[in-house]
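Single-letter residue listing:
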Amino acid sequence: MSDDLEILLTNDDGIDSTGIRALHDALSEHANVTVVAPADDRSACGRSLSHEVQVDERELGYAVHGTPADCVVAGLAELGPFPDLVVAGCNKGANLGEYVLGRSGTISAAVEAAFFDVPAIATSLYVPVDDTPFQEIDVTADEYAEAARVTSYFAEHALEAGVFEHAAYLNINVPLPDGEPAPIEITQPSKRYEMDAERDGAHVTLHDRVWDDMDPDSLPDAAGTDRRAVVEGRISVSPLTAPHSTNHHEVLTELADGYLETVASGDR
């Protein structure tokens, strides 16, 4: 990376998280990094935007009392120099599959950047869970080392290589380090979706069962998907687009053409 490379760094775990510090330290070795991140944990908030947010100056950068999308808009439009690249992360916990693309604050920051025509990288760390509540799992700075290294690699090389001529952003998911650098696999988001709900009187509890089975021997996700790659110990890199393209088909055109005729006939 050149010292002239400008990077806007954000996340959704909050400006005080270990993951954003790990990325900041790695990226700052070879680039100018401006941090604009939520003042507290805003995980799974998607692309929610605020009308007005308070901004505090912290040791690492700007703490925005808002969402990751707020941070990107404020950072690009006002708080920092206009960057060459937006980096979001490193998230504690993986962001895998199509269904997280609209939920994850980490990925939503990258999507927000794409609407500004700024390339972006969203990086997340896959943290296997057992019976310990996820919020109580402590991830150390050393465990973010692989994620920081691979993010720095793509930040250094992807722009010049022309990667972002074909992708708006990269969704990178990294397994916990095991002593050796993990190989990279170019993947597509898994289509797996297993949400359900259970009613108890006036309350409905929503269950996300996608994470129930992450055993490599029984994982239902196909080869080439992000979930399969990460569970088997590889770094998943999914090149994605935003805004999403449309799928135009003549059947829809025919249906639209029949609208006024249907109204005139009194069927609607």
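About the criteria used
Residues numbered from 1 in each chain as written. Predicted model: local features only at pLDDT ≥ 70, side-chain atom pairs only at ≥ 80, totals over all residues. Heavy atoms only, no water. Helix = DSSP H or I, 4+ residues; strand = E, 2+ residues; numbered from the N terminus. Expected span 1.5 Å × (residues − 1). Bend = angle between axes of the 7 residues up to and from the residue. Buried < 20%, exposed > 50% of the residue type's maximum accessible area, 1.4 Å probe, protein only. Contact = heavy atoms within 4.5 Å. 1 Å grid on protein atoms, 1.4 Å probe; cavity = no way out; pocket = protein on both sides within 12 Å on 5 of 7 lines; lining within 4 Å. Points joined across faces, edges and corners; volume = space filled by probe spheres on them. Pairing = 2+ DSSP bridges. Axes fitted to C-alpha atoms, helices over the stretch in contact; angles between N-to-C directions. UniProt positions renumbered as here; feature names shortened; annotations may be inferred. Polar contact = N/O pair within 3.5 Å; in protein donor to acceptor, adjacent residues only side chain to side chain.

**Topic: helix α4 (residues 145-161)**
- When the terminal C-alpha atoms of α4 are compared, their 24 Å separation across 17 residues agrees well with the 24 Å that a helix rising 1.5 Å per residue should span.
- A maximum bend of about 30° is found in α4 at Ala-155.
- Of all the positions in α4, only Glu-146, Ala-147, Ala-148, Val-150, Thr-151, Ser-152, Phe-154, Ala-155 and Ala-158 are classed as buried.

**Some words on the environment of Met-214**
- Tracing the backbone through its elements, the reader meets Met-214 in the loop between β10 (203-208) and α5 (226-231).
- By relative accessible area, Met-214 is classed as buried at 14%.
- A C-alpha to C-alpha distance of 32 Å links Met-214 and Asn-247, two positions 33 residues apart in sequence.
- Once you skip the residues sitting within four places of it in the chain, Met-214 turns out to touch Leu-96, Tyr-126, Leu-219, Arg-227 and Val-231.

**Digging into the layout of surface pockets**
- Space inside the largest pocket adds up to approximately 1200 Å³.
- Contributing to the lining of the largest pocket are 40 residues, with Asn-91, Lys-92, Gly-93, Ala-94 and Phe-134 lying nearest its centre.
- If you list the elements that add at least two residues to the lining of the largest pocket, you get α1 (18-27), β5 (85-92) and α5.

**Here's the deal with the sheet that holds strand β3 (residues 55-57)**
- Sheet architecture is open: 9 strands sit in the order β3-β4-β2-β1-β5-β6-β7-β11-β8, paired in mixed fashion. Every interior strand has two partners, whereas the edge strands, β3 and β8 (184-186), have only one. Looking at each pair of strands side by side, their axes are set apart by 20° on average, direction ignored.
- Here 3 bridges tie strand β2 (residues 32-38) to strand β4 (residues 62-64), and the two strands are oriented parallel to one another. Bridging from a neighbouring strand, Ala-37 pairs with Ala-63 of β4.
- Packing of α1 onto the sheet brings it into contact with β1 (6-10), β2 and β5, and relative to β5 it is tilted by some 140°.

**So, the UniProt feature "binding site: a divalent metal cation" (unreviewed entry) in the chain**
- Mapped onto this numbering, the UniProt entry annotates "binding site: a divalent metal cation" (unreviewed entry) at Asp-12, Asp-13, Ser-43 and Asn-91. The annotated residues occupy 80 residues of the chain but converge on a single region, no pair of C-alpha atoms lying more than 8.9 Å apart. As for the annotated residues named above, the ones lining the largest pocket are Asp-12, Asp-13, Ser-43 and Asn-91.
- As for its position among the elements, Ser-43 is in the loop between β2 and β3.
- Residue Ser-43 is classed as partly exposed on the basis of its relative accessible area, which comes to 37%.
- Of note is the side chain of Ser-43, whose polar atom sits 3.1 Å from the side chain of Asp-13.
- Taking relative accessible area as the criterion, Asn-91 reaches 7% and is therefore assigned buried.

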